[in-house]
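For reference, the chains in residue letters:
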Amino acid sequence: MAVFVALGAFLMTLAGGWTAQRVTDRRHLVLGLAGGLMLGVVGLDLLPEALEAADHEVFGVPEALLLFVAGFLLAHLGERLLAARRAAHGADEHARTPEVGLTAAAAMVGHSAMDGVAIGAAFQVGEGMGLAVALAVIAHDFADGFNTYTLTSLYGNARRRALAMLGADAVAPVLGAASTLLFTIPEQALGAYLGLFGGVLLYLAAAEILPEAHHAHPARSTLLCTIAGAGFIWLVVGLAE
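Keep in mind the model is a prediction, meaning the values are calculated, not measured.

Before going further, it helps to examine the overall build of the protein. Per the secondary structure count, the protein includes eight helices and two strands. When the elements of the protein are put in sequence order from the N terminus, they spell out α-α-β-β-α-α-α-α-α-α. For the protein, the proportion of its 241 residues judged to be buried stands at 43%. Sequence separation of at least 24 residues holds for 82% of the intrachain contacts in the protein that already meet a minimum separation of 6. Of the roughly 11600 Å² that the protein leaves accessible, carbon and sulfur atoms contribute 69%.

Okay, structure coming up:
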């Protein structure tokens, strides 16, 4: 049942990626929406789940929050190292590095796999809980597919790479749900991962996606798309509760 339901996430992810491809003539709106979706996913979905799962404190601070900050700093450090390496080889230091896009997309794939695990684990508790979790996952996997394609292509990767990462992101929740037939991931470890990934995603949204969206088109419509993206995630989270 869990694997069958996860197929809905597969289709929704592909729908999100397809949408991102079809609006290239409004790139600033796509990036504004992607930034809002990412911000909403981090603040309203990932971080609350991480705090609930990894509530152990380290020197007075929840472990999930420490890893959240660590993820933000690691993303910043990784991008600067890649930029410095490109500059050393004569490229523009501020140019987009394809490796960053691939790394970010790979993190989205990992997140989607954890979504599938969450579906499977919820069905182990009960069918009602499984369906509730599946609804939340399927709804926000549209945003995951949208963001995976956008992130990969934004950093200069070829379209075939963006499509490959989109395909991997679509398959990931199905494989994650299937894996729960064999083993389960400890809640503490899952919370730690979500905290770390949330920090990485927030960095990409705040430092890369949104500035790029407003750079060439500082329009009110771009800002409205960002607000709409965050509001959509709020709606999804609210309906899933």
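In a soluble, globular protein the nonpolar side chains are often hidden away together inside. If you look at the biggest cluster of nonpolar residues, it comprises 38 residues, and the most contacted ones within it are Met 38, Leu 151, Leu 201, Leu 204 and Ile 209. Looking at this core, the elements with two or more residues in it are α2 (27-53), α3 (63-88), α4 (98-125), α5 (127-154) and α7 (187-216). With 10 residues, the top contributor of residues to this core is α2. Ignoring any residue separated from it by four or fewer positions in sequence, one finds Ile 209 in contact with Leu 31, Ala 34, Gly 35, Met 38, Leu 151, Leu 154 and Leu 204. Ranked by size, the runner-up nonpolar core spans 10 residues in total, among them Ala 2, Ala 6, Val 137 and Val 174.

A full pass over the atoms with the stated rule returns one aromatic pair. Residues Phe 72 and Tyr 203 carry aromatic rings whose centres are separated by 5.2 Å and whose planes lie at 85° to one another, so their mutual orientation is edge-to-face. Residue Phe 72 is found in helix α3, and its partner Tyr 203 is found in helix α7; the two are separated by 131 residues along the sequence. A relative accessible area of 30% means that Phe 72 is categorised as partly exposed. Here Tyr 203 falls in the buried class, since its relative accessible area comes to 6%.

The rules behind these values
- Residues numbered from 1 in each chain as written.
- Predicted model: local features only at pLDDT ≥ 70, side-chain atom pairs only at ≥ 80, totals over all residues.
- Heavy atoms only, no water.
- Helix = DSSP H or I, 4+ residues; strand = E, 2+ residues; numbered from the N terminus.
- Buried < 20%, exposed > 50% of the residue type's maximum accessible area, 1.4 Å probe, protein only.
- Contact = heavy atoms within 4.5 Å.
- Areas by Shrake-Rupley, 256 points an atom, 1.4 Å probe, with all protein chains shown as cover.
- Core = buried A, V, L, I, M, F, W, Y, C linked by side-chain atoms within 4.5 Å.
- Phe/Tyr/Trp six-rings, centres within 6.5 Å; stacked < 30°, edge-to-face > 60°.

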